[in-house]
Amino acid sequence: MPISSATIKRVTAQLYERSLKTIPRDTRAFLQRATRTETSPTGRATLAIMLESADGAQRDDALVCTDVGIPTYSLKIGTRVQFDGPVRAAIRDGFADLAAHISPPILKMVTNPLTHERSYAGKDMPIVSVDLLDDADFMDIVCAPKAMGTGRWEAIDAFVYPTLEQIERFVLDTMLRAGSQPCLPLVIGVGIGGTFDYAARLAKEQVLRPFGQTNPEPALARMEHRLRDAVNAMGFGPMGTGGDTSVMAVHVDYAASHGFVPVAVCINCWINRRTAARIHGDGRVEFLED
């Protein structure tokens, strides 16, 4: 049974709306713990306000933040999946329908980089990346809108045979440059290796990784802990008010590469927008838990 364009349109729109009105459960659990462990009284009070804001948005069917970002989707499509119509157009039409009917209304965040004209639509919007799942009869969709608070401070650079220390220094320099501006505490994703574009993709995938998973590569697991502790030690604290809760998690992955090694740093703000669904080959829709 093929997956219908109508189903893709509906599900992608639902995922986007959910990402604007809720925060992931692991993110809420972290913020709740941090209200007890943060050493700064101002930081603790700020975390409590953030939790109250998120809970209020969910209760009142409101937006957690007015910067709704630009529509960004990651698709993993099983090789046994069939479709009965267009996929990219369905995602585009789903976002257009959402923008026209969502309550409360959302601001126009899709911007032409040449003219700075803002709209709900634009060239290559929504942004969609695609990967394949061998021998699977379903497709997974992750929605992760990208907004100004974090998008402004992400970075990528290429090195030649870098040491782990050089890679970590680049990540920390990136976070020092961002300072308190990207709505802390953050989730940081780091992609190492591959090519320029692939390193950025790795970094984005690591931002979407749920908390609490130990990296199977011991060297990367140690790097994640060092970077997390180092960023927290910078003292920016929740929303830049000071304290030791500047980052919720640091996730790192790598790919084989040439002697040149691109390193990308991707970040999510405290809302940590990410929602996901699986559409099965028989048409069933399963909204995935974070």
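Read on for an overview of the structure. Note that the structure is predicted; figures quoted are calculated from it, not measured.

## Things to note about the overall build of the chain
- A tally of regular secondary structure across the chain gives eight helices and 11 strands.
- Whereas a compact globule of 290 residues would reach a radius of gyration of roughly 19 Å, the chain reaches 19 Å, a difference of no more than 12%.
- Counting only C-alpha atoms and orienting by the principal axes, one finds that the chain spans roughly 50 × 50 × 40 Å.
- Of all 290 residues assigned to the chain, the portion counted as buried reaches 50%.
- Taking the intrachain contacts of the chain between residues at least 6 apart in sequence as the baseline, contacts between residues at least 24 apart amount to 82%.
- Taken together, the 31 basic and 34 acidic charged side chains of the chain have centroids lying 3 Å from each other.

## Structural notes on the sheet that holds strand β5 (residues 138-143)
- The strand order β4-β1-β5-β10-β11 describes an open sheet built from five strands, whose pairing is mixed. Lying at the two open borders of the sheet, with one neighbouring strand each, are β4 (127-133) and β11 (285-287). With direction set aside, neighbouring strand axes in the sheet form an average angle of 20°.
- Pairing of strand β10 (residues 275-280) with β11, which is carried by three bridges, proceeds in the antiparallel orientation. Across the sheet, the residue bridging to Ile279 is Val285, located in β11.
- Its contacts with the sheet put helix α1 (residues 5-21) on β1 (72-78), β5, β10 and β11, and the angle it makes with β10 is roughly 160°.

## Here we look at helix α4 (residues 88-101)
- Taking 1.5 Å of rise per residue, the 14 residues of α4 would be expected to cover 20 Å, and the 20 Å separating its terminal C-alpha atoms lies within 8% of that figure.
- Ala89, Ala90, Ile91, Gly94, Phe95, Leu98 and Ala99 are the residues of α4 that are buried.
- Turning to α4, the residues buried within the fold contact α1, β1 and β4.

## What to know about the pairing of strand β8 (residues 247-255)
- The element β8 is extensively covered by neighbouring structure, given that seven of its nine residues are classed as buried.
- Here eight bridges tie strand β7 (residues 186-193) to β8, and the two strands are oriented parallel to one another. Pairing of Val187 across the sheet is with Ala249, part of β8.

## So, the packing of helix α6 (residues 164-178) against helix α8 (residues 218-233)
- Running from N to C, α6 and α8 point in directions that differ by 35°, and their axes come no closer than 11 Å. Seen along the crossing, α6 lies across α8 with a hand that is right-handed. Facing α6, whose interface residues are Leu164, Ile167, Glu168, Val171, Leu172 and Met175, α8 presents Met223, Arg226, Leu227, Ala230 and Val231.
- When the residues that make up the contact of α6 with α8 are grouped by side-chain class, the tally is nine nonpolar, no polar and two charged.

What counts as what
- Residues numbered from 1 in each chain as written.
- Predicted model: local features only at pLDDT ≥ 70, side-chain atom pairs only at ≥ 80, totals over all residues.
- Heavy atoms only, no water.
- Helix = DSSP H or I, 4+ residues; strand = E, 2+ residues; numbered from the N terminus.
- Rg over C-alpha atoms; globule rule 2.2 N^0.38 Å.
- Buried < 20%, exposed > 50% of the residue type's maximum accessible area, 1.4 Å probe, protein only.
- Contact = heavy atoms within 4.5 Å.
- Lys, Arg positive; Asp, Glu negative; His and termini not counted.
- Charge placed at Lys NZ, Arg CZ, Asp CG, Glu CD.
- Pairing = 2+ DSSP bridges.
- Axes fitted to C-alpha atoms, helices over the stretch in contact; angles between N-to-C directions.
- Expected span 1.5 Å × (residues − 1).
- Left-handed = near helix turned anticlockwise from the far one by under 90°.
- Nonpolar A, V, L, I, M, F, W, Y, C, P; charged D, E, K, R; others polar.

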